[in-house]
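Coordinate analysis (summary)
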Amino acid sequence: VQLVESGGGLVQAGGSLRLSCTASGSIFSNNAMGWYRQAPGKQRELVARIASDGRTNYAASLKGRFTISRDNAKNTGYLQMNSLKPEDTAVYYCTSGSNWYSFRYWGQGTQVTVSS
């Protein structure tokens, strides 16, 4: 299974970005997927996850600003990030697995930098 993220970049505080994660090598619609992030000097943390049936779960601190979604026809998941803050600066990783407690596959990460 390969996961390829895209959509990261540099944005000013208050701006928006949409990350994409395209999967290959598995039946995407059967799998849960998620987004994690890791800031410099910090541990990797969950951002959001979405089950194969569309149920979603968010880090409490991010709910309301970030939205996870998926398009099974395109084998692609998304993370819409609004009202970005400098503290959202991190490498964002896409992950997938049989359920959202068993993420097994990881993308290479995409850098998101939010300037103040």
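This text goes with the structure placed above it.
Presented here is an overview of the structure given in this document. (Residues numbered from 1 in each chain as written. Predicted model: local features only at pLDDT ≥ 70, side-chain atom pairs only at ≥ 80, totals over all residues. Heavy atoms only, no water.)

Right, let's get into the pairing of strand 4 (residues 32-38). With six of seven residues buried, strand 4 lies mostly within the body of the structure. Here seven bridges tie strand 4 to strand 9 (residues 90-97), and the two strands are oriented antiparallel to one another. Within the sheet, the bridge partner assigned to Gly34 lies in strand 9 and is Thr95. Of the pairings in the sheet, the one linking strand 4 to strand 5 (residues 45-50) comprises five bridges and is antiparallel in character. Considered in strand 5, the bridge of Trp35 is made with Ala48. Hairpin connection of strand 4 to strand 5: six residues between the antiparallel strands, including Gly41 at a positive phi of 75°. (Buried < 20%, exposed > 50% of the residue type's maximum accessible area, 1.4 Å probe, protein only. Helix = DSSP H or I, 4+ residues; strand = E, 2+ residues; numbered from the N terminus. Pairing = 2+ DSSP bridges.)

In this section: the sheet that holds strand 3 (residues 17-24). Strands belonging to one sheet form pairs held by backbone hydrogen bonds; the direction of such a pair is parallel or antiparallel. If you walk across this open sheet you meet the four strands as 1-3-8-7, and the pairing is antiparallel. Looking at the sheet topology across the chains shown, the edges are occupied by strand 1 (2-6) and strand 7 (66-71). Across this sheet, the average inter-strand angle for adjacent strands is 15°, counted without regard to direction. Sheet topology note: the strand 3/strand 8 (residues 76-81) ladder contains six bridges and is antiparallel. Of the residues in strand 8, the one forming a bridge with Leu19 is Leu79. (Axes fitted to C-alpha atoms, helices over the stretch in contact; angles between N-to-C directions.)

One finds Trp35, Val47, Phe66, Leu79, Met81 and Tyr92 to be the most contacted residues of the largest nonpolar core, which totals 26 residues. Mapped onto this core, the elements with two or more residues apiece are strand 3, strand 4, strand 5, strand 7, strand 8, strand 9 and strand 11 (110-115). Looking at which element gives the most residues to this core, the answer is strand 3, with four residues. Counting residues in hydrophobic clusters, the runner-up holds five residues, among them Ala32, Ala51, Trp100 and Phe103. (Core = buried A, V, L, I, M, F, W, Y, C linked by side-chain atoms within 4.5 Å.)

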